[in-house]
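# Chain and residue survey
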Amino acid sequence: MSLNMHYVELGKQLHRRLQRFLAKYPPTQILPANTRTNTAQVEQGLTPNPFLPFKHPITGKWHDPEVSLRRQAELVKLAREEGVEELLPFTHKGTEERVRVRVEQGLRVRGTGVGQKVKGHLHERMLATKMEKRRVAMLGMPRLVREWRKAGKGKWNKFPK
């Protein structure tokens, strides 16, 4: 019994929002073995997981999650800070799920895959060719200066466009 009291004391140190959520939706890890299944809740029409949409067994209509996505993210952040994230029910906002999706789908930014290039702005795309033309022009500059000195300003007709 002292072990349960220890857990109660630890629970009282949690953030108030986490305390309220865990009191309303106790984790399956701390429930007795005979109440762990959600069959009784499903038959009564209650949502077993407040983070997921729920199809009503009688009417067949889908009900929205009881906790919005924004609040789910806030609860997950609080639970992560407190170190009790594994006590929350499954949510798409959880750390494990986000890591799994990131590994599965990758970064999903165009141009970051193998053999891909980021499109970029026009001036960024033309920069390499522009710098190459500039490098070639600078290499030919001594020859151009010699021609200028021979011809002089009055007879020069190779002005840049």
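Residues numbered from 1 in each chain as written. Predicted model: local features only at pLDDT ≥ 70, side-chain atom pairs only at ≥ 80, totals over all residues. Heavy atoms only, no water.

### So, the side chain of Q72
Condition: Only runs of H or I of at least four residues qualify as helices and only runs of E of at least two qualify as strands under DSSP, and these elements are numbered from the N terminus. Residue contacts are counted whenever heavy atoms from the two residues lie within 4.5 Å of one another.
With respect to the helices and strands, Q72 occurs in helix α4 (residues 69-82). The contact partners of Q72, leaving out residues within four places of it in the chain, are F51, P65, V67, T91 and K93.

### As for the pattern of salt bridges
We apply this condition: Take a side-chain nitrogen of Lys or Arg and a carboxyl oxygen of Asp or Glu: if they are within 4 Å of each other, that pair is a salt bridge. Whether a residue is buried, partly exposed or exposed follows from its accessible area with a 1.4 Å probe, protein chains only, as a fraction of its type maximum: under 20%, in between, or over 50%, in that order.
In total, this model carries seven salt bridges according to the counting rule given. For the salt bridge of R100 with E104, the shortest nitrogen-to-oxygen distance reads 2.8 Å. Taken as a pair, R100 and E104 lie in helix α5 (residues 95-105) at a separation of four residues, close to a single helical turn. On the basis of relative accessible area, R100 is assigned to the partly exposed category, the value being 42%. R135 is the partner of E132 in a salt bridge, and the nearest nitrogen-oxygen pair spans 2.8 Å. Separated by three residues within a single helix, E132 and R135 lie in helix α7 (residues 127-139), roughly one turn from each other. The partly exposed category is assigned to E132, whose relative accessible area is 38%. Through salt bridges that share partners, R17, R70 and E74 make up one connected network.

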